[in-house]
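Secondary and tertiary structure notes
As a plain string of letters, each chain reads:
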Amino acid sequence: MKEIKLAKTAGFCFGVDRAVNLVYKLVEDGEKVCTLGPIIHNQQLVEDLKSKGVNDISSPDECKSGYKIVIRTHGIEKETLDYIKSKNLEYIDATCPFVLKIHRIVSKAEPGTVTLIAGDSEHPEVKGIRSFCVGRAYVFKNREELSEIIEKYKIDSEKSVICVSQTTFSTEEWKKCEKILKKVCTNCKIFDTICSATSERQAEALALAKECDAMLVIGGRHSSNTCKLKDVCSEYAPTFLIETAAELTDMDFSRFNVVGVTAGASTPSVIIKEVLKTMSEEIKEKEVEATQTVAETAEAADKADKAAVEASADGETFAEMLEHSFSENDTGKIVKGVVENITPTEVFVDVPGRKQTGVIAREDLSAEPFDKCEDIVSKGDVLDLIILKTNDQDGVLKLSKKLTDSFKGWEDIVKAKENDEILEGYVTAVVRGGVLATVKGTRVFIPASLSGVPKNEDLNILKGTTARFKIIDVNEQRRRAVGSIRAVLSEERRKAREEAWSKLEEGMKLTGTVKSLTNYGAFVDIGGIDGMIHISELSWTRIKHPSEVVKVGDQVEVYIKSLDQEKKKISLGFKKIEDNPWEILKRDYPVGTVINNAKIVGITSFGAFATVIPGIEGLIHISEISWSRIKTPADVLKVGDEVDVLITNIDFDKKRVSLSMKQLTEKPEEGIPALQSDDETPAEEVTEEPAPQETAEAPAEDTAAEAAEE
């Protein structure tokens, strides 16, 4: 193989492209979607949609709650459509406009009309067409079957007869059938409903097959139009049909000098490119001859964009570009269109001087976010539009309003940079190195470093949001703009800080968000300004780390303890007076209260310390441990024991609590001498009890030591 030739119109046709984009758009918008049958006859694309959560169902009853049904490009039977409507199921009709045209033709025929359908009787498109017929309907796949039907059912004697064809029917076979009808059924009204894209595709494939030594057809084996292409090419050259590039490994094209390549209307461009790349590797550096590659077709809009930019760079106004655009090639021309009809997925316009119907797909209507097409345009509106693709005869003009909007909005982008204005745009995509936002119909690139998103976080958090940014750079020749969200955020933070500092006062209560934690405290954002809560201010009890009380992201109530305007430092308070353990003790634990299961936390020679409530410990003097005299508290108690105690005294000024164990037990009868150790200090000689632990800032052993010193 020395040379590869690619057919001009290989790949998605208008109807398939429209349906596929519709489903992917629904998925991107977060909709739950299922398709009634495969959206197109291409297994690879169907599998890709399945990986994104889109499954094809065989019956409306299989549709799960909350899902939208998308009707495939081939259309469905009338009975099924009526059933969907009767059940009030939410659906979107992605049926190809050319198929819908056939539905209208057969359904509006006179009652009793006999309908002849050229096509495959088992194909879903034909089944759908047949269901809309008002009278008897017969399907034929070639001139032989047509002749048999006419003779068997006496079609030539019927008063009203019409004939339509499947959109992907062979154009050569149709011409032969048409001759028979005109000769035998003179009363038959013939409608040529073969899709213009199919006609063009088959004509190009036929011409290519005559020039090449072999033909390669890319597409699904269940795709009608793909199989027709293979049949057309097979008459003039050895023809091979593959679904993916992987199948090339089993093929040998070495005996052919020139190989032509075409693809069915339901074949994704990525598969075509992969096949071409694989084949090109075999011929190494030889140039691939192609009338127009799929990639070139996909980039037609960008070429139009570039042409308009170059024109504007020479000083042309938009009106001059409009007049200048009517030159050699339709693709990229700017035309005027009048809105005639609006559907949920596209807008139909009348383009003066054109016999084709103009169609603006939803994704080509506006770069700005919108819910309904009616939010952007209304019937009767006159629009400036760019031609993206042209289909002759009964085809359509694929148009874009989004591109013309971007031309008109460019001057506003330039002025925004000059005046240092803040713009508001919708983030449409995450790309390599940053994100794309649209404003005034123009795309603005925002680098990741200027997006305001922390370095290690995902930029997808911006996708689908409205962002405020400044234009920091423009390339007027290429009509490219660079924006910065960070510049706006920095300016807003500076203003917020200045305003906040002017209002702050000591004692002011505020709500803030914990930003970070250190070993010595927590930093809190209180409206663009950071303040710190020292670890000692986080809890009335002892804690080892701030994370025991708060975590990053928490909303906290704080008050300003002190302000340093010069150093811009703020000390925050967090502890609430009502949480002070001494206030709780005063309120809930008066003298005479019994504390059950008080835990022994320290032992000294003169007594034991026990937890009264968290943050407060009391002293059980040796004389209050037992009615019997003991030498040392360690003879009776050890750290960790849990005992019942009675609060006998509270000194709130000195923060001391006196406890007794013995007073909760029965006093022995008098007359029994109590034993007393030689080194024991009588209770009445202790003039001052040691201070128990006031807060968690003083551990039990420290408190005990201080008490011992006293």
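Residues numbered from 1 in each chain as written. Predicted model: local features only at pLDDT ≥ 70, side-chain atom pairs only at ≥ 80, totals over all residues. Heavy atoms only, no water.

Counting along an α-helix, one turn takes 3.6 residues, and residues three or four places apart therefore face a common direction. Residues of helix 9 (residues 224-234) that are buried: Ser224, Asn225, Thr226, Lys228, Leu229, Val232 and Cys233. The elements touched by buried residues of helix 9 are helix 8 (196-211), strand 10 (214-218), strand 11 (239-242) and strand 12 (258-263). (Buried < 20%, exposed > 50% of the residue type's maximum accessible area, 1.4 Å probe, protein only. Helix = DSSP H or I, 4+ residues; strand = E, 2+ residues; numbered from the N terminus. Contact = heavy atoms within 4.5 Å.)

Another aspect to go through is helix 14 (residues 402-418). In this model, helix 14 (17 residues) spans 25 Å end to end at C-alpha, consistent with the 24 Å of a helix rising 1.5 Å per residue. The sharpest bend along helix 14 reaches about 40° and sits at Gly409. Listed in full, the buried residues belonging to helix 14 are Leu403, Thr404, Ser406, Phe407, Gly409, Trp410, Ile413, Val414 and Ala416. Phi turns positive one or two residues past the end of helix 14, at Asp420, with a value near 55°. (Expected span 1.5 Å × (residues − 1). Bend = angle between axes of the 7 residues up to and from the residue.)

Below, the discussion takes up the sheet that holds strand 31 (residues 616-621). One key point about sheets: their strands pair by backbone hydrogen bonds, in either a parallel or an antiparallel sense. Taking strand neighbours around the barrel as the criterion, the five strands line up as 29-30-31-33-32 in a closed arrangement whose pairing is mixed. Direction aside, neighbouring strands of the sheet carry axes that sit 55° apart on average. Where strand 29 (residues 594-603) and strand 30 (residues 607-613) come together, three bridges link them in antiparallel fashion. Across the sheet, Ile603 pairs through a bridge with Ala608, a residue of strand 30. Of the strands in this sheet, strand 30, strand 31, strand 32 (642-651) and strand 33 (656-660) touch helix 16 (residues 581-588), which is tilted by about 85° from strand 30. (Pairing = 2+ DSSP bridges. Axes fitted to C-alpha atoms, helices over the stretch in contact; angles between N-to-C directions.)

Inspection of the entire model under this criterion finds three cavities of 30 Å³ or more. Looking at the largest cavity, its volume works out to about 280 Å³. Along its surface, the largest cavity is lined by 24 residues, and Cys13, Val16, Thr167, Thr168 and Asn225 are the ones closest to its centre. Sorting the residues of the lining of the largest cavity by element identifies helix 1 (14-28), helix 8 and helix 9 as the ones contributing at least two each. At four residues, helix 8 tops the list of elements feeding residues into the lining of the largest cavity. Its residues assigned to classes, the lining of the largest cavity shows nine nonpolar, 13 polar and two charged. (1 Å grid on protein atoms, 1.4 Å probe; cavity = no way out; pocket = protein on both sides within 12 Å on 5 of 7 lines; lining within 4 Å. Points joined across faces, edges and corners; volume = space filled by probe spheres on them. Nonpolar A, V, L, I, M, F, W, Y, C, P; charged D, E, K, R; others polar.)

With parallel pairing, four strands are arranged side by side in an open sheet as 7-6-8-9. Looking along the sheet, the strands with just one partner apiece sit at the ends: strand 7 (137-140) and strand 9 (188-190). Across the sheet, the mean angle from the axis of one strand to that of its neighbour is 25°, orientation sign disregarded. Sheet analysis places strand 8 (residues 161-165) next to strand 9, joined by three bridges and oriented parallel. Directly across from Cys163, in strand 9, lies its bridge partner Ile190. The strands touched by helix 6 (residues 143-152) are strand 6 (114-118) and strand 7; relative to strand 7, the strand with the most contacts, the crossing angle is about 150°.

What follows covers the pattern of salt bridges. Using the criterion set out here, one finds 26 salt bridges in the structure. For Arg18, the salt bridge is made with Glu346, and the minimal N-O distance between the two is 2.6 Å. With Arg18 in helix 1 and Glu346 in strand 15 (residues 346-350), this residue pair connects regions lying 328 residues apart in the sequence. Given a relative accessible area of 4%, Glu346 falls into the buried group. Within this structure, Asp420, Lys470, Glu491 and Lys495 form a network of salt bridges that share partners. (Salt bridge = Lys/Arg side-chain N within 4 Å of Asp/Glu carboxyl O.)

Let's shift gears to the packing of aromatic side chains. Under the criterion given, the structure shown has six aromatic pairs. Seen in terms of ring centroids, Tyr520 and Phe523 are 6.5 Å apart; in terms of plane orientation they differ by 80°. Their pairing is edge-to-face. Accessibility expressed as a relative area gives 43% for Tyr520, which makes it partly exposed. Taking the centre distance of 6.1 Å and the plane angle of 80° together, the rings of Trp582 and Phe652 count as edge-to-face. (Phe/Tyr/Trp six-rings, centres within 6.5 Å; stacked < 30°, edge-to-face > 60°.)

Now for the pairing of strand 27 (residues 555-564). Where strand 24 (residues 509-518) lies against strand 27, five bridges are found, and the strand directions are antiparallel. Across the sheet, the residue bridging to Thr513 is Gln555, located in strand 27. Examined bridge by bridge, strand 27 and strand 28 (residues 569-573) share five bridges and lie antiparallel to one another. Residue Tyr559 lies in a different strand from strand 28, and its bridge partner there is Gly573.

Extensive coverage of strand 18 (residues 396-400) is indicated by the burial of five of its five residues. Going residue by residue along strand 18, you find Val396, Lys398 and Ser400 tucked away on one face and Leu397 and Leu399 tucked away on the opposite face as well. Both strand 16 (residues 357-361) and strand 18 contribute to a ladder of four bridges, which runs parallel. Bridged to Val359 within strand 18 is Lys398. As judged from the four bridges shared by strand 17 (residues 382-390) and strand 18, these two strands associate in the antiparallel manner.

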